[in-house]
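Single-letter residue listing:
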Amino acid sequence: MQIIHTPLEMQECAMGLKRAGKVIGFVPTMGFLHEGHLSLMRIAREQCDVLVVSIFVNPTQFGPNEDLDAYPRDFKRDEALCREAKVDFLFYPEPTNMYADNASVWVEEESLSSVLCGASRPGHFRGVCTVVAKLFNLVQPDLAVFGEKDAQQLRIIERMVRDLNFPVEIVRGPIVRESDGLAMSSRNKYLSPEQRKNAICLRKALDAATRMFRKGEHNVEPIRSVMEEMISAVPEVRIDYIEFVDEQTLCMVNRIDRPVLVAIAVRVGSTRLIDNGVLGSMSGAHKVAVKNAL
Ligand code: PAF
């Protein structure tokens, strides 16, 4: 595995690989890797000749009062995991190399970004779209794998790729969960043992929604109120949102009469966690997840 530190070196390397006719698979990350990231790497690995992973804690997607400085980092461990995952190139740039001091061009998605986490974290998706566009220009992937856990991010990246004609296929990677159902996230590390136990309420609420839907409840409000009640009863957990949105357009719905994304964001203590599931007709990955939940 070769570690690349500068954007120019990354781009030159990618151009050489393209000239040699290699299929480049890409998994962008912010590091502190866990099984969720490794599963995305496995998905990419199966479909490419050369696997590139980036580790970059992107400052532009953090708000002024968010956890940029505290965001967990452990490059040595990440490097070892990437070697084990048979990554070919690990792109690990410095923030000063990624953004010019007077950088003034941004990529902003204006529709899907206005709801859910976009409403709670102004500017977040502008930072994500900008850095992902830059990474695509540097890595020149044929395919890039993004996790379903960040469902809104995934839809926005798909939209960006469509609207700006990036020549890259976006592949969706299913959510990977701990054995008790908590979705894997680098931020789980912030949780105290007590908070860690309490955080399972997200998955339990999603499972309750699935059961109600399966029993024939297709109106959103009764399902949402059960979920709210379950989560509110758990100590130290505060709901940011529980939303039911069209799986593609992210528009709010009142009835589950199409594939609907049930998206949750909470704070457990001061840690923000998100989770989601899809109700209605579902993709293969979602079907398996729901089957496991029942
Ligand atoms: O999902 C993430 O880890 C980040 O938002 C991403 C896609 C690497 C962009 O910084």
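Residues numbered from 1 in each chain as written. Predicted model: local features only at pLDDT ≥ 70, side-chain atom pairs only at ≥ 80, totals over all residues. Heavy atoms only, no water.

Undergrad: Would you mind going over the overall build of the protein with me for this structure?
TA: Of regular secondary structure, the protein possesses 11 helices and 9 strands. Referenced to the eigenvectors of the C-alpha coordinate spread, the extents of the protein come out at roughly 55 × 40 × 35 Å. Taking all 294 residues of the protein together, 54% fall into the buried category. In the protein, the share of contacts with a sequence separation of at least 24, taken over all contacts with a separation of at least 6, comes to 71%. Accessible area of the protein: about 13,700 Å², with a carbon and sulfur share of 51%. (Helix = DSSP H or I, 4+ residues; strand = E, 2+ residues; numbered from the N terminus. Buried < 20%, exposed > 50% of the residue type's maximum accessible area, 1.4 Å probe, protein only. Contact = heavy atoms within 4.5 Å. Areas by Shrake-Rupley, 256 points an atom, 1.4 Å probe, with all protein chains shown as cover.)

Undergrad: Even after reading the chapter, I still don't get the site of the ligand, so can you show me in this structure?
TA: Around the ligand, the neighbouring residues are Pro28, Thr29, Met30, Asn58, Gln61, Val131, Phe146, Asp150 and Gln153. Gln61 is positioned with one of its side-chain polar atoms (N or O) 2.6 Å from an oxygen atom of the ligand. Here an oxygen atom of the ligand and a side-chain polar atom of Gln153 are 2.7 Å apart. Computed on the free molecule, the ligand has an accessible area of 290 Å², of which 89% lies beneath the protein chains in the complex. Partitioning the shell around the ligand into residue classes produces 4 nonpolar, 4 polar and 1 charged. (Near = heavy atom within 4 Å. Polar contact = N/O pair within 3.5 Å; in protein donor to acceptor, adjacent residues only side chain to side chain. Nonpolar A, V, L, I, M, F, W, Y, C, P; charged D, E, K, R; others polar.)

Undergrad: Hey, could you run me through the packing of helix H9 (residues 201–214) against helix H10 (residues 220–232) in this one?
TA: Relative placement of two packed helices is described by the angle separating their axes and the distance separating the axes. It is at 9 Å that the axes of H9 and H10 come closest, and there the two elements cross at 155°. With respect to each other, H9 and H10 are oriented roughly antiparallel. Remark: the crossing between H9 and H10 carries right-handed chirality. Touching Cys201, Lys204, Ala205, Leu206, Ala208, Ala209, Met212 and Phe213 of H9 are Pro222, Ile223, Val226, Met227, Met230 and Ile231, all from H10. (Axes fitted to C-alpha atoms, helices over the stretch in contact; angles between N-to-C directions. Parallel < 35°, antiparallel > 145°, perpendicular 65-115°, else oblique. Left-handed = near helix turned anticlockwise from the far one by under 90°.)

Undergrad: Even after reading the chapter, I still don't get the pattern of salt bridges, so can you show me in this structure?
TA: Oppositely charged side chains can pair when the atoms bearing their charge come close. All told, the structure shown has 23 salt bridges when counted by the stated rule. A salt bridge links Glu194 to Lys197; the shortest N-O distance between them is 3.7 Å. On the criterion of helical spacing, the pair formed by Glu194 and Lys197 is a turn pair, its members being 3 residues apart in helix H8 (residues 193–198). Judged by its relative accessible area of 45%, Glu194 is partly exposed. Exposure remark for Lys197: the relative accessible area of 55% places this residue in the exposed category. Between Glu243 and Arg224 there is a salt bridge, and its shortest N-O distance comes to 3.4 Å. Note that Glu243 is positioned in strand S7 (residues 237–246) and Arg224 in helix H10, a separation of 19 residues in sequence. (Salt bridge = Lys/Arg side-chain N within 4 Å of Asp/Glu carboxyl O.)

Undergrad: I keep staring at the nonpolar core and nothing clicks. Help me out?
TA: Generally speaking, soluble globular proteins have nonpolar side chains that are buried together. Phe136, Ile157, Met160 and Ile170 are the most contacted members of the largest nonpolar core, which totals 48 residues. When residues in this core are grouped by element, the largest group, 10 residues, is from helix H6 (residues 124–139). Setting aside residues up to four positions removed in sequence, Ile170 forms contacts with Phe136, Ala144, Phe146, Leu154, Ile157, Glu158 and Val161. Counting 26 residues, the second-largest nonpolar core is a separate cluster that includes Ala205, Ala209, Val220 and Ile231. (Core = buried A, V, L, I, M, F, W, Y, C linked by side-chain atoms within 4.5 Å.)

Undergrad: Explain the pairing of strand S8 (residues 260–268) here, please?
TA: On a regular strand, each side chain points to the face opposite its neighbour's, so the side chains alternate between the two faces of the sheet. With 8 of 9 residues buried, S8 lies mostly within the body of the structure. Where S8 and strand S9 (residues 271–279) come together, 9 bridges link them in antiparallel fashion. Across the sheet, Val262 pairs through a bridge with Gly277, a residue of S9. The hairpin turn running from S8 into S9, its antiparallel successor, is 2 residues long, and Gly269 in that turn takes a positive phi close to 60°. (Pairing = 2+ DSSP bridges.)

Undergrad: Explain the sheet that holds strand S6 (residues 169–173) to me, please; I cannot follow it from the model alone.
TA: Hydrogen bonds along the backbone pair up the strands of a sheet, which may run parallel or antiparallel. Strand order in this open sheet of 6 strands is S1-S4-S3-S2-S5-S6, and the pairing throughout is parallel. Each end of this open sheet is capped by a strand with a single partner; those strands are strand S1 (2–4) and S6. Taking each pair of neighbouring strands and ignoring which way they run, the sheet shows an average axis angle of 25°. Summarising the sheet, strand S2 (residues 24–29) and strand S3 (residues 50–55) pair through 6 bridges and their orientation is parallel. In the sheet register, Thr29 faces S3, and the bridge partner there is Ile55. Packed on one face of the sheet, helix H2 (residues 35–47) meets S2, S3, strand S5 (143–147) and S6 and runs near 155° to S5.

Undergrad: Would you take a moment to explain the packing of aromatic side chains for this structure?
TA: The way to describe two aromatic rings as a pair is by their centre distance and the angle between their planes. Summed over all chains, the structure comprises 7 aromatic pairs. Relative to Tyr92, the ring of Phe75 has its centre 3.8 Å away and its plane inclined at 15°; by these criteria the two rings are stacked. In this pair, Phe75 sits in helix H3 (residues 75–84) while Tyr92 sits in the loop between strand S4 (89–91) and helix H4 (95–98), placing the two residues 17 residues apart along the sequence. A residue is classified by how much of its surface remains accessible, and Tyr92, at 26% relative accessible area, is partly exposed. Put simply, the rings of Phe26, Phe136, Phe146 and Phe166 pair up and form one aromatic cluster. A cation over a ring is seen here: Arg126 above Trp106, with NZ or CZ 4.1 Å from the ring centre. Of note, Lys134 hangs over the ring of Tyr99, and the distance from its end group to the ring centre comes to 5.0 Å. (Phe/Tyr/Trp six-rings, centres within 6.5 Å; stacked < 30°, edge-to-face > 60°. Lys NZ or Arg CZ within 6 Å of the ring centre and 35° of its normal.)

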